[in-house]
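# Residue-level structural notes
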Amino acid sequence: MNTHHPASYLSALLLALAGTFLFSMKPILVKQLYLLGIDSSQLIALRMLFAGPVYLVIGCILWRKNTQLHGLYKNNLLFISGLGILGYYIASFLDLWALQYISAQLERVVLFCFPTIVVLLSRWVFNTPMPRNIWLILGLSYAGILLIFAHDMATLGDEVLFGSVLVFISAVSFAIYTLWSKPLMTRVGSMMFTCLAMLSASVVILLHFSFSHSFDELNVGTEALLWCAAIALFATVIPSFLVAEAINRMGPERTSVIGTCGPVITSMVAVFWLNEAFTLYHFAGLTMVMLAVWLMIKKPKSSTL
């Protein structure tokens, strides 16, 4: 984006930060659910069973309201569905699986290397010009991520490597989703795009579950169902719309870099809620990430992403 109206940029910024905050609560809630004996396949299926109807209702309302866009919806459905499966089935499944092996803090830190991937893909695939300070921003962010990763690798053992690889592949998948979603959102609107993408992912997730599990295994008890409902509403539905609209307003590169504050939020909550360790390595790494986000926010008008 070449220009930014101050009010528009501020609203997009607030949307991105709010969505990032809610998405950052997901690993905390997931860890809580794993304590109840739920596995990643049960969790992702229940999450979409709760979230899917919300997307269906909103999608039907948009379909009835925007009759002039029916042709665009149909023409772009296949591409949107593919991106939804990539971003909210493959990426989500790998992410939830990884949380069985690594801490909530490390999961969020590794996952948020995806802004680097988004910016580099944007440069290489679309030849998007980058602002002069983008390498400083990405360097600070990535150095902070690597510092925490190296510390946890040294202290927590072999399973950390496997879990981190799963999260990294998840990050690549979500980066591709983030980057290629922008032009489609411009055509069909961010809300309809999100509904179609999430519904497509929900169908594939439930098909996957039907082949690997019995649906009787979704009877997990009232407490676990309430936690799954919380993840579906507060860490899936609401932030998915917020982040989609942020991408629509200020582009995938900016949204993804602002999203690097996610590890900071997760770490703070994980320390107080899950009693996870918080060392000088975590402090230094998260400080780098926060500085990168501050630099990104500080100079919007000088950027030419």
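My aim in this report is to walk through the structure given alongside it, one point at a time. (Residues numbered from 1 in each chain as written. Predicted model: local features only at pLDDT ≥ 70, side-chain atom pairs only at ≥ 80, totals over all residues. Heavy atoms only, no water.)

Looking only at helices and strands, one finds 13 helices and zero strands in the protein. Ordered by position in the sequence, the α and β elements of the protein form the string α-α-α-α-α-α-α-α-α-α-α-α-α. The C-alpha radius of gyration of the protein comes to 19 Å, within 12% of the 19 Å expected for a compact globule of 305 residues. For the protein, the C-alpha atoms occupy an extent of roughly 55 × 55 × 30 Å along the three principal directions. With 305 residues in all, the protein has 57% of them scored as buried. (Helix = DSSP H or I, 4+ residues; strand = E, 2+ residues; numbered from the N terminus. Rg over C-alpha atoms; globule rule 2.2 N^0.38 Å. Buried < 20%, exposed > 50% of the residue type's maximum accessible area, 1.4 Å probe, protein only.)

Our next topic: the side chain of serine 170. Note on placement: serine 170 falls in helix H8 (residues 158-188). When its relative accessible area of 2% is taken as the criterion, serine 170 is described as buried. Among the polar contacts made by the side chain of serine 170, one reaches the main-chain carbonyl oxygen of alanine 91 at a distance of 2.7 Å. Ignoring any residue separated from it by four or fewer positions in sequence, one finds serine 170 in contact with Ala91, Leu94, Asp95 and Leu111. (Polar contact = N/O pair within 3.5 Å; in protein donor to acceptor, adjacent residues only side chain to side chain. Contact = heavy atoms within 4.5 Å.)

This part is about the side chain of threonine 178. Tracing the backbone shows threonine 178 in helix H8. Of the residues examined, threonine 178 reaches a relative accessible area of 3% and is grouped as buried. Apart from residues no more than four positions distant in its own chain, threonine 178 is found in contact with Phe114, Val118, Ile247 and Pro252.

This part covers the environment of serine 24. The topology assignment puts serine 24 in helix H1 (residues 6-24). A sequence separation of 80 residues divides serine 24 from alanine 104, and the C-alpha atoms of the two residues are 9.3 Å apart.

Attention now moves to the state of the cysteines. By definition, a disulfide links the sulfur atoms of two cysteine residues through a covalent bond. Evaluation of the coordinates by the stated rule reveals zero disulfides. Just so you know, cysteine 60 is unpaired, no disulfide at all, and the nearest cysteine sulfur is the one on cysteine 195, 8.9 Å from it. By relative accessible area, which is 0% here, cysteine 195 ends up buried. (Disulfide = S-S within 2.5 Å.)

Right, let's get into a nonpolar patch on the surface. Taken together, the side chains of Tyr142, Leu146, Leu161, Val165, Phe168 and Ile169 make up a nonpolar region of the molecular surface, amounting to roughly 490 Å² of accessible area. Only helix H7 (134-156) and H8 provide two or more residues apiece to the nonpolar patch. Broken down by element, the nonpolar patch gets its largest block of residues, four residues, from H8. Tracing the backbone through its elements, the reader meets leucine 146 in helix H7. You can call leucine 146 partly exposed: its relative accessible area is 42%. (Patch = residues over 30% accessible without salt bridge, like charges linked within 9 Å, V, L, I, M, F, W, Y side chains within 5 Å. Areas by Shrake-Rupley, 256 points an atom, 1.4 Å probe, with all protein chains shown as cover. Salt bridge = Lys/Arg side-chain N within 4 Å of Asp/Glu carboxyl O.)

Our next topic: the packing of aromatic side chains. The full count for this structure, using the stated rule, is twelve aromatic pairs. Seen from their ring centres, tryptophan 63 and tyrosine 73 are 5.9 Å apart, and the 35 degrees between their planes marks the pair as tilted. With a gap of ten residues between them, tryptophan 63 in helix H3 (residues 40-65) and tyrosine 73 in helix H4 (residues 70-98) connect regions that are remote in the sequence. For tryptophan 63, a relative accessible area of 34% translates into the label partly exposed. The class for tyrosine 73 is buried, based on a relative accessible area of 3%. Centre to centre, the rings of tyrosine 177 and phenylalanine 193 are 5.9 Å apart; their planes meet at 35 degrees, and the pair counts as tilted. With tyrosine 177 in helix H8 and phenylalanine 193 in helix H9 (residues 190-212), the pair connects residues that are 16 residues apart, well separated along the chain. Pair check on accessibility: tyrosine 177 and phenylalanine 193 agree, each one buried. (Phe/Tyr/Trp six-rings, centres within 6.5 Å; stacked < 30°, edge-to-face > 60°.)

Across the interface, helix H5 (residues 104-111) lies against H7 with an axial gap of 9 Å and an inter-helix angle of 140 degrees. Compared by their axis directions, H5 and H7 come out oblique. Handedness of the crossing formed by H5 with H7: left-handed. Each of Leu106, Val109 and Val110 in H5 lies in contact with H7, whose residues at this interface are Ile145, Ile148, Phe149 and Asp152. Broken down by class, the residue content of the contact of H5 with H7 amounts to six nonpolar, no polar and one charged. (Axes fitted to C-alpha atoms, helices over the stretch in contact; angles between N-to-C directions. Parallel < 35°, antiparallel > 145°, perpendicular 65-115°, else oblique. Left-handed = near helix turned anticlockwise from the far one by under 90°. Nonpolar A, V, L, I, M, F, W, Y, C, P; charged D, E, K, R; others polar.)

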